[in-house]
Amino acid sequence: MLASFPTSTYKPPMPTFDFDFFVIGGGSGGVRAARMAGQRGLRVAMAESGALGGTCVNVGCIPKKLYSYAAHFAEAFEESHGFGWQGEAPTLDWPQLKAHRAKEITRLNGIYQQLLTGAGVHLLTGHAQLVDAHTVQVNGTRFTAQHILVATGGTPSVPPVPGGDLVVTSNAMFDLDPFPQRLVVVGGGYIACEFASIFNGLGAQVTLLHRGEQVLSGFDQDVRPFIAAEMRKAGVDLRLPGEVARIERTHGGLQVSLNNGDTLPADTVLYATGRVPNTHGLGLEAAGVKLNAKGAIEVDAHYQTSVPSIHAIGDVTARVQLTPVALGEGMALVDHLFGPAAGKPARRMAYDLIPTAVFTHPNIGTVGDTEAQAREKYGKLRIYRTDFKPLKHTLSGSPERTLMKLVVDDASDRVVGLHMVGADAGEIVQGFAVAMKAGATKAVFDSTIGIHPTMAEEFVTMREPVRPAD
Ligand code: FAD
Ligand code: NDP
């Protein structure tokens, strides 16, 4: 007699997977998610096709900031004379700067590896491809996993232009050989403005060409012309609008021809015209993962793609392309999939009030709404703004000025936007972001005692709006 199983109680055996969690991409988001999951005792694997740490560590935030520090010395040497220091400024040894940077990045790659292996993560080197909802292939070997995370980041995008094969992207800027004495930068976003400032500081003659009337679209209306003026004072030739017709090789290097007929000689032409998600060759179609109109992986509020077992975070979803956001998303996802760490609440990523800095010279720091965004959301606003010569520059001789601006919702008195252009703006704005997350009103700012003499104290001493509430 055949055994019969009542269908209502029959449970098929649980499918067994090689891993609980398979992470594709060892950048900011992927490393954090893999490490957090590994620390929970889960069986975790990670595949990385390049160097651990991804864009931020290898060709982004970290080497960029190191070069920004290097570039700031140029103005420090210059300004020191006003404080009585005598003597010629030292010259830059570019190969030495590159070598020191490379050594530090290698050290960081090693730390990432230790952190991952220390958390029990099984590391695979190679390009990973999805085969189906639970299978990933790396170097010809297939691995199954209950959950798969795609954290493959983004890559620079260069629009078609005659001579486009002669240009470089930010990836190549850290190791240029020789140092570019004449640099043309195309674009007006974060990367274009940062690299223009940095290479100007390092001693290059820099021209920035941006297709728009003003750099840094999306930033506050007072910040944009202010930083443009500061960059010009520092020596960057900003051409706004400036559009490239073609790039050609000449005897002396390269020549950039503009639509208006101007020509510019250059040693290096950097295109910093945005980044696109790394979705190519990932097998997304085979697995059924949908992309949105921007070509980015579409995810829901919990980073789930159109395939329930596959999630995506960070730049490959092309939302907010910042390292702390990729890290926050990685941690929120691990808590959502596997539960929070013992004794801790589940983390959620909040997308309001994300502070950000642009490491131009001087820096931009910003958190919350621009004046235009706030106007749409709240209607009646009070705008507080100050623009001054910092104390340091009374002796340094530098013409650099600092801008600070508060955008206040008149009805609630809440500070909904805070913007700064000035030295260390990123460092200063980080603290104010905490106050704004806590809902600080202008009255709270006013009741806060300043630290004297600093630039930051201006944020708590602006009493009269520059524009009455309207
Ligand atoms: P990534 O860090 O890009 O990591 C993705 C990883 O996936 C890479 O290592 C890649 O090799 C790997 N990969 C891709 N495809 C595969 C595959 N099929 N198989 C295996 N591995 C794969 N953000 C800031 O917050 N502050 C800054 O100052 C800042 N400066 C920047 C400067 C520059 C020049 C650039 C380009 C970016 C900067 N960013 C900055 C942005 C920041 O670097 C990114 O937002 C962040 O790195 C995104 O992390 P991620 O994990 O999504 O992707
Ligand atoms: P952005 O989106 O910031 O800027 C792209 C720039 O290129 C814009 O000025 C855009 O002009 C211009 N552009 C786009 N397409 C074309 C085209 N076809 N021809 C000419 N110009 C064009 O991108 P980035 O590449 O600078 O940086 C990518 C992201 O990386 C940033 O958005 C940021 O999230 C992150 N990042 C963060 C940093 C930080 O935190 N400090 C530093 C560096 C990068 P338009 O404005 O007219 O569209």
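Going along each chain's sequence as written, the residues are numbered from 1 onward. Numbering of ligands from 1 and lettering of chains from A proceed in the order in which they are written. Only residues with pLDDT of at least 70 are given local features in this predicted model, and only at 80 or more are side-chain atom pairs given and counted; all residues enter the totals for whole chains, interfaces and linings. Side-chain metrics rest on all non-hydrogen atoms present in the structure, leaving aside hydrogens and water.

(A) Focus on the state of the cysteines. Two cysteine sulfur atoms form a disulfide, by the criterion used here, when they sit within 2.5 Å. Tallied over the full model, the rule gives 1 disulfide. Left unpaired, Cys193 is separated from the closest cysteine sulfur, that of Cys61, by 17 Å.

(B) Region of the structure containing the layout of surface pockets. Using protein atoms alone on a 1 Å grid, points that fit a 1.4 Å probe yet trap it form a cavity, whereas open point sets bounded by protein on both sides within 12 Å along at least five of seven lines form a pocket; residues with an atom within 4 Å of a point count as lining. Grid points are joined across faces, edges and corners, and a volume is the space filled by probe spheres set on the points. Of the voids in this model, the second largest pocket is the one considered here, and its volume is about 420 Å³. The biggest single contributor to the lining of the second largest pocket is helix H3 (residues 61-80), with 5 residues. Across the lining of the second largest pocket, the residue classes break down as 7 nonpolar, 7 polar and 6 charged. Only DSSP runs of H or I covering at least 4 residues are called helices, and only runs of E covering at least 2 are called strands; the numbering of each starts at the N terminus. Residues are sorted three ways: Asp, Glu, Lys and Arg are charged, Ala, Val, Leu, Ile, Met, Phe, Trp, Tyr, Cys and Pro are nonpolar, and all the rest, Gly among them, are polar.

(C) Summary view of the sheet that holds strand S11 (residues 244-250). With antiparallel pairing, 3 strands are arranged side by side in an open sheet as S11-S12-S13. Each edge of the open sheet is held by one strand with a lone partner, namely S11 and strand S13 (263-266). Along the sheet, successive strands turn relative to each other by an average axial angle of 20 degrees, direction set aside. Strands are labelled as partners when DSSP assigns at least two bridges between them. Examined bridge by bridge, S11 and strand S12 (residues 253-258) share 6 bridges and lie antiparallel to one another. Each bridged residue has a counterpart across the sheet, and for Arg246 the counterpart in S12 is Ser257. Lines fitted to the C-alpha atoms define the axes, with helices restricted to the stretch that makes contact. Angles between their N-to-C directions range from 0 to 180 degrees.

(D) View of the packing of helix H1 (residues 28-39) against helix H9 (residues 323-338). Relative to each other, H1 and H9 sit at 30 degrees, their axes nearing to 8 Å. With respect to H9, the element H1 is oriented roughly parallel. Relative to H9, H1 is oriented so that their crossing is right-handed. Here Ser28, Gly29, Arg32, Ala33, Met36 and Ala37 of H1 lie close against H9, whose contacting residues are Thr323, Ala326, Leu327, Gly330, Met331, Val334 and Phe338. Looking at the contact of H1 with H9 residue by residue, the classes come out as 8 nonpolar, 4 polar and 1 charged. Between 65 and 115 degrees an angle is taken as roughly perpendicular, under 35 as roughly parallel, over 145 as roughly antiparallel, and anywhere else as oblique. By convention, the crossing between two helices is left-handed when the near helix turns anticlockwise from the far helix through less than a right angle, and right-handed when the turn is clockwise. We call two residues contacting when some pair of their heavy atoms lies within 4.5 Å.

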